[in-house]
Amino acid sequence: MTVNNPKIEAPVLHLIGEEADRLGLECYVIGGWVRDLFLHRPSDDIDVVVVGSGISLAEAVAKRLGKGAHIAVFKTYGTAQVKHKGMELEFVGARRESYRRDSRNPIVEDGTLEEDQNRRDFTINAMAICLNKHSYGELLDPFDGIGDLERCIIKTPLDPDITFSDDPLRMMRAIRFATQLGFNLDGETFDAIARNKERIGIITKERIAEELNKIMLSRRPSEGWILLDKTGLLPLIFPELAALKGVEVKEGRGHKDVFYHTLKVLDNVANLSPALSSREGDKLENRVLWLRWAALLHDIGKPRSKAWDPQAGWTFRNHNYIGAKMVPKIFARLKLPLNEKMEYVRKMVDLHMRPINLIEDTVTDSAVRRLLFEAGDDIDDLMLLCDADITSRNEQKVERYHRNYQLVRQKMVELEERDRIRNFQPPVNGDEIMAMFHLEPCSLVGELKAAVKDAILDGVIPNERDAAIQYINELWQKKQK
Ligand code: ATP
Ligand code: MG
């Protein structure tokens, strides 16, 4: 079959073919780019497989592209990368692979195109399109990848038990592609993951985290976590999340299944993501990603805080606090970043009950100010998470919550306009307090500072310098009596 798609007519692809012809090399565009061509997904990464030396073709192509092209050669791997106008061209020699039991790094030898296609992870990722002039645009699809694209199936080209045992990372990739593309796992492929799940132990945490982040950025991230659970991988890679599963019933009273509730909240946050915009110095994708992690972890402390109270039934006191304390440990183990991104997730988990408690109580200005103060610039994200957290089968309850939630938001806007609490800096600092009363650094300075902060947040005095100085003077005088 010859592919009939305008993208295959891109000048750069013709140029690669011409250079290959000149060098007498067979070459094909292969893998993700071909798959995404048929799925009409955008992709800037083009993988080119060459029967022979990928490096020599890359060098010839870079030369033809001229000044705008940058080439990086990786001799040990026999690969080369050419960057040109936002595109990444990856050149690799066709290869055959054989695996040892204890490592996902194969023994690699030069091979034919067919052997190269055999080592690919899924049928939809094994398709190649010829770039040589004599059969330009011809599709080589030995495993009916096109059929699987139509059927929306993720399936290994060869025996799935061997494919997954050889390189267990492919189990994560299978679930990630299913989630990203909205596909199903083929039955045999699914069963083989379940059988080979323990092999995930030889994969580095960093590679797993990469796949998890891609799952998290998909349209419905819950699908990935459900597949991880159903295949049995979940407790192996993320036991704290697996621990959220199940419902305990006592005296006829149960509680929400926290795992499925969490996944609903995660999908809700994913649906609400378009409401987020990028902030200075941070990419939008980052904000979207870490808010989703916050959603996934918002109730992670529930199993450890669960208790039975004969009157109240099941309680989860302080689960937000316990959960927040778990966040750094979970991030460290999953090899997620331990920087301000972790700190953001920790804060979201810690504060996630606060807006809803406001809704349940009478909304005082003071409580709203305190929340604005603690959440700072992350207040909008927190409110979005909180909105997403409203899940109940009782529609009236959900409606009432959403209504009250709007009231709280309205109040926040009003108070923020008036008092500018969000980026609140105390109008009088510790040095000034020490100078005012000729004090050495001591606990009294801290006490006075805290008192001013509380007075402002409680609305006793306005968020202004003069008022703050007067208030401190009065406090000082009282203390002297
Ligand atoms: P994306 O870049 O969107 O993640 P992709 O399919 O391009 O998707 P890459 O990781 O860039 O994925 O890999 C490029 C190609 O290399 C894949 O399409 C697949 O053919 C092959 N491949 C990548 N990783 C593996 C693996 N672990 N086992 C077998 N084949 C793989
Ligand atoms: Mg790719």
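The written sequence of each chain sets the order in which its residues are numbered from 1. Both sets of labels track the order of writing: A upward for chains, 1 upward for ligands. Under the rules for a predicted model, residues below a pLDDT of 70 receive no local features and side-chain atom pairs below 80 are neither given nor counted, while totals for whole chains, interfaces and linings still include all residues. Here the side-chain values reflect all heavy atoms present in the structure, with hydrogen atoms and water set aside.

Novice: Is there a simple way to think about the environment of Leu181 in this case?
Specialist: For the purposes of this entry, the term helix denotes a DSSP run of H or I that reaches at least four residues, the term strand denotes a run of E that reaches at least two, and both are numbered from the N terminus. Positionally, Leu181 belongs in helix α7 (residues 169-181). Type-normalised accessible area, obtained with a 1.4 Å probe on protein chains alone, sets the label of each residue: buried when under 20%, exposed when over 50%, and partly exposed for intermediate values. Classification of Leu181 as buried rests on a relative accessible area of 15%. Distance in space between the C-alpha atoms of Leu181 and Ile16 is 29 Å, their sequence separation being 165 residues. The contact criterion used throughout is that any non-hydrogen atoms of two residues lie within 4.5 Å. For Leu181, the contacting residues outside a window of four places in its chain are Arg35, Leu39, Arg41 and Ile124.

Novice: Got a minute to help me understand the domain arrangement of the chain in this structure?
Specialist: For interface size, the figure often reported is the accessible area lost on association. Examined at the domain level, the chain breaks down into domain 1 (6-150), domain 2 (161-237), domain 3 (273-419) and domain 4 (430-480). For each domain, the first and last residues come from an automatic or database assignment. Each of domain 1 and domain 3 has a C-alpha centre, and these two points are 45 Å apart.

Novice: Could you clarify how one ought to interpret helix α20 (residues 379-388) in this entry?
Specialist: Note that an α-helix has 3.6 residues per turn; residues three or four places apart therefore point the same way. Burial runs high along α20: nine of the 10 residues are buried. Restricting attention to buried positions, one finds in α20 the residues Ile379, Asp381, Leu382, Met383, Leu384, Leu385, Cys386, Asp387 and Ala388.

Novice: Teacher, can you tell me more about the site of ligand 1 here?
Specialist: Throughout, near means a residue has at least one heavy atom within 4 Å of the molecule or strand. Surrounding ligand 1, one finds 15 residues, the nearest of these being Arg35, Asn125, Asp167, Arg170 and Arg176. Within the side chain of Arg120, one N or O atom sits 3.0 Å away from an oxygen atom of ligand 1. Each polar contact in these results corresponds to two N or O atoms within 3.5 Å; when the atoms are within protein, one needs to be able to donate a hydrogen and the other to accept it, and residues that are neighboring in sequence are counted only if both atoms are side-chain atoms. Lys214 places a side-chain nitrogen or oxygen 3.4 Å from an oxygen atom of ligand 1. The protein chains hide 75% of the 580 Å² of surface that ligand 1 would expose on its own. Applying the majority rule of atoms within 2 Å of the grid points places ligand 1 in the largest pocket. Throughout, the ten residues Ala, Val, Leu, Ile, Met, Phe, Trp, Tyr, Cys and Pro are labelled nonpolar, Asp, Glu, Lys and Arg are labelled charged, and all others, Gly among them, are labelled polar. Classifying every residue of the shell around ligand 1 gives one nonpolar, three polar and 11 charged. Both domain 1 (6-150) and domain 2 (161-237) contribute no fewer than three residues apiece to the shell around ligand 1. Each accessible area is a Shrake-Rupley result for a 1.4 Å probe, and residues are judged covered by the shown protein chains and nothing else. Within this scheme a cavity is a closed region of a 1 Å grid, computed over the protein atoms alone, that accommodates a 1.4 Å probe without allowing it to escape, whereas a pocket is open but has protein on both sides within 12 Å along at least five of seven lines; lining residues each have an atom within 4 Å of a point. For a molecule to be placed in a cavity or pocket, more than half of its atoms must lie within 2 Å of the grid points of that cavity or pocket.

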